[in-house]
Amino acid sequence: MSVNIDWSALRKDFPILDQQVHGKPLVYLDNAATSQKPRAVIQALVHYYEHDNANVHRGIHELSNRATQAFEAARTRAAKFIHAKSADEIIFTRGTTESINLVAAAWGAKHLRPGDVILLTELEHHSNLVPWQLIAQKTGARLAFIPVTGDEGILDLSKLDALLTPQVKFLAMVHISNSMGTVNPVEEICARAKKLGIVTLVDGAQSAGHLPVDVQAIGCDFFALSGHKICGPTGIGLLWGRQEVLDTLPPYQGGGEMILSVGYHKTEFKQAPQRFEAGTPDISGPIGLHAAMDYLDAIGREKIWRHDQDLANYAYERLSALNNVRLFGPKHNRAGLVSFLLKDVHAHDVVTLADQAGVALRGGHHCTQPLMHKLGVESTARASFYFYNTRSEVDTFVEVVKEIQKFFAH
Ligand code: C6P
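Residues numbered from 1 in each chain as written. Predicted model: local features only at pLDDT ≥ 70, side-chain atom pairs only at ≥ 80, totals over all residues. Heavy atoms only, no water.

**A short note on the overall build of the protein chain**
Consideration 1: Summing up its helical and strand segments, the protein chain has 14 helices and 17 strands in all.
Consideration 2: Expected size for 410 residues packed as a compact globule is a radius of gyration near 22 Å; at 22 Å, the protein chain falls within 12% of this value.
Consideration 3: Along the first, second and third principal axes, the C-alpha set of the protein chain runs to 75 × 55 × 35 Å.
Consideration 4: Residues counted as buried form 56% of the 410 residues belonging to the protein chain.
Consideration 5: Considering only contacts within the protein chain whose residues lie at least 6 apart along the sequence, 70% involve residues at least 24 apart.
Consideration 6: Mean positive and mean negative side-chain charge positions of the protein chain (40 and 43 charges, respectively) differ by 3 Å. (Helix = DSSP H or I, 4+ residues; strand = E, 2+ residues; numbered from the N terminus. Rg over C-alpha atoms; globule rule 2.2 N^0.38 Å. Buried < 20%, exposed > 50% of the residue type's maximum accessible area, 1.4 Å probe, protein only. Contact = heavy atoms within 4.5 Å. Lys, Arg positive; Asp, Glu negative; His and termini not counted. Charge placed at Lys NZ, Arg CZ, Asp CG, Glu CD.)

Okay, here's the thing in structure tokens:
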């Protein structure tokens with residue numbers, strides 16, 4: 001469904017898409033790993049470095065004022081992008097991974113006690129698992145998991161009541177699974193957790209640039225996202241935290257800019273967000289991210305979501321029609337990606353041969369190793385879509401898959 005947008009025309013905004021790889025037109029289907037960048041984002045970075053580059057919050061000269069203004073305008077833009085109450089609730093980080101590490105280290109160290117439970121799901125990316133393992137080891141807390149049902153990668157919520165014991169203090173879950181394409185009912189789960197006083201975090205790495213996000217409607221306490229997956233630069237992302245919860249957290253790192261006053265033995269810290277942004281931050285990153293958010297919202301994330309889903313459903317349908325393909329993830333309400341395995345062909349071979357045909361896929365465990373093991377596989381091949389992909393690219397991808405099957409049949 002094209003919903004009145006000429007999706008192919010948008011491709012012109014992405015200089016990188018117009019190239020040949022191994023002599024074939026590039027078909028970029030690795031958007032869950034990182035998205036491509038429109039000219040508007042590239043130009044915002046160039047403009048900043050050519051005109052305004054200076055350190056922020058420190059100088060009182062013109063360039064420093066401009067840089068500070070642009071940096072803080074990006075914070076205000078980010079608040080609007082996820083419907084936060086205030087820009088003070090936005091902390092710039094390197095991305096989803098750092099955002100979750102910040103929460104695990106700061107919230108966990110302050111609030112977790114031996115015997116407490118951190119509830120996760122079996123779908124989690126390593127970045128929403130390993131930081132919790134680390135803080136559990138330090139505090140004596142333990143991890144528990146909402147199970148998935150099988151290849152469809154859907155959470156078994158019939159187990160949730162039994163899992164929500166009085167020991168559970170924190171619940172962290174992925175919004176959209178990067179390896180299955182599952183869209184978790186985060187509003188419902190947060191509401192059930194909140195009734196019991198459990199603090200919640202949603203990993204929005206795969207959702208924020210693909211569908212409208214309203215952190216207040218979701219009802220979580222923390223939300224994490226990565227700029228590079230939403231048309232922004234690498235190395236920048238954010239953590240949103242509900243103001244009341246942020247105010248209870250100790251600093252994550254110490255250094256310049258996060259302090260009110262420092263003595264040789266004692267320091268007083270600023271409130272959020274500065275309390276959590278020690279040292280010179282990535283300045284061009286938020287400026288590029290601002291341009292990316294403007295770009296996405298000019299298209300409209302409801303429309304992007306419908307287009308993503310249309311491509312994923314089409315790819316799923318076409319792959320289902322082939323023999324000897326094992327498909328992962330839900331049949332209905334799937335996000336814009338398809339994970340699959342071809343019988344007797346390693347996922348890495350699929351990706352290597354697809355690359356020779358100009359099609360960029362990802363193969364591996366997708367940083368969800370425990371989930372892969374639960375499903376009895378080491379890896380899958382994955383095609384992940386964004387708004388600049390087209391149905392004809394899906395056709396190319398499926399034809400390439402058929403060729404790979406033929407190649408291995410001999
Ligand atoms: N997933 C993928 O190919 P960073 O690396 O911090 O930007 O994002 C980490 C991350 C966290 N949660 C989810 C659900 C993710 O998908 C990712 C990144 C990439 O699927 C790289 S492994």
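**Concerning the sheet that holds strand β17 (residues 380-384)**
Consideration 1: Taken in spatial order, the four strands line up as β13-β14-β17-β16 in an open sheet, and their pairing is antiparallel. Strand pairing shows two members of the sheet lacking a second neighbour, β13 (325-328) and β16 (362-364), which therefore form its edges. In this sheet, adjacent strand axes meet at a mean angle of 30° when their direction is disregarded.
Consideration 2: Sitting on the sheet, helix α11 (residues 301-320) is in contact with β13 and β14 (337-342), with an inclination near 20° to β14.
Consideration 3: Packed onto the sheet, helix α12 (residues 347-356) meets β14, β16 and β17 and runs at close to 160° relative to β16. (Pairing = 2+ DSSP bridges. Axes fitted to C-alpha atoms, helices over the stretch in contact; angles between N-to-C directions.)

**Details of the site of the ligand**
Consideration 1: Residues in contact with the ligand amount to 17 residues; listed here are only the nearest, Thr-97, Asp-203, Gln-206, Ser-226 and Arg-362.
Consideration 2: For the ligand, a nitrogen atom lies 2.6 Å from a polar atom in the side chain of Asp-203.
Consideration 3: Interatomic distance of 2.5 Å between a side-chain N/O atom of Arg-362 and an oxygen atom of the ligand.
Consideration 4: In isolation the ligand exposes 510 Å². Once the protein is present, 87% of that is buried.
Consideration 5: Its residues assigned to classes, the shell around the ligand comprises five nonpolar, eight polar and four charged.
Consideration 6: The two domains that each donate at least three residues to the shell around the ligand are domain 1 (7-30 + 301-409) and domain 2 (42-297). (Near = heavy atom within 4 Å. Polar contact = N/O pair within 3.5 Å; in protein donor to acceptor, adjacent residues only side chain to side chain. Areas by Shrake-Rupley, 256 points an atom, 1.4 Å probe, with all protein chains shown as cover. Nonpolar A, V, L, I, M, F, W, Y, C, P; charged D, E, K, R; others polar. Domains from an automatic or database assignment.)

**A look at the sheet that holds strand β5 (residues 117-121)**
Consideration 1: Spatially, β4-β10-β9-β8-β7-β5-β6 is the arrangement adopted by the seven strands of the open sheet, whose pairing is mixed. Edge positions in the open sheet fall to β4 (90-93) and β6 (142-146), since each of these has one partner strand only. Pairs of neighbouring strands in the sheet enclose a mean axial angle of 20°, with direction left out of account.
Consideration 2: As paired strands, strand β7 (residues 168-174) and strand β8 (residues 199-203) are joined by five bridges and run parallel to one another. By the bridge assignment for β8, Ala-172 is matched with Leu-201.
Consideration 3: Each of β4 and β10 (237-241) touches helix α3 (residues 62-81); the most contacted strand, β4, lies at about 115° to it.
Consideration 4: Here helix α4 (residues 96-111) sits on the sheet and contacts β4, β7, β8, β9 (222-226) and β10; the angle it forms with β9, its principal contact strand, is near 150°.

**Some words on the nonpolar core**
Consideration 1: With 110 residues, the main nonpolar core has Ile-82, Phe-223, Leu-319, Phe-340, Leu-361, Phe-387 and Phe-397 as its most contacted residues.
Consideration 2: Looking at which domains feed residues into this core, each of domain 1 (7-30 + 301-409) and domain 2 (42-297) gives three or more.
Consideration 3: Counting 28 residues, the second-largest nonpolar core is a separate cluster that includes Ile-91, Leu-102, Ala-106 and Phe-170. (Core = buried A, V, L, I, M, F, W, Y, C linked by side-chain atoms within 4.5 Å.)

**Concerning the packing of α3 against helix α10 (residues 284-299)**
Consideration 1: At a closest axis distance of 8 Å, the pairing of α3 and α10 adopts a crossing angle of 35°. As for how α3 packs across α10, the hand of that crossing is left-handed. Along its contact with α3, which presents Ala-70, Phe-71, Ala-73, Ala-74, Arg-77, Ala-78 and Phe-81, the element α10 presents Pro-286, Ile-287, His-290, Met-293, Asp-294, Leu-296 and Asp-297.
Consideration 2: Among the residues forming the contact of α3 with α10, the class breakdown is ten nonpolar, one polar and three charged. (Left-handed = near helix turned anticlockwise from the far one by under 90°.)

**Considering the domain arrangement of the protein chain**
Consideration 1: What the domain assignment lists for the protein chain is domain 1 (7-30 + 301-409) and domain 2 (42-297).
Consideration 2: Of the residues lining the interface, 34 residues belong to domain 1; the matching set on domain 2 comes to 34 residues.
Consideration 3: Of the roughly 2,800 Å² buried at the junction of domain 1 and domain 2 (both faces included), carbon and sulfur atoms supply 58%.
Consideration 4: Of all residues in domain 1, Arg-301, Leu-371 and Tyr-386 give up the largest surface area on contact with domain 2, accounting jointly for 27% of the area buried on that side.
Consideration 5: Linking domain 1 with domain 2 are four salt bridges, by the criterion used here.
Consideration 6: For Asp-151, the salt bridge is made with Arg-326, and the minimal N-O distance between the two is 2.8 Å.
Consideration 7: Mapped by element, the contributors of at least two residues to the side of domain 1 that touches domain 2 are α11, β13, β14 and α13 (369-374).
Consideration 8: Partitioned by chemical class, the residues of the side of domain 1 that touches domain 2 number 18 nonpolar, seven polar and nine charged. (Buried area = accessible area lost by both parts, 1.4 Å probe. Salt bridge = Lys/Arg side-chain N within 4 Å of Asp/Glu carboxyl O.)

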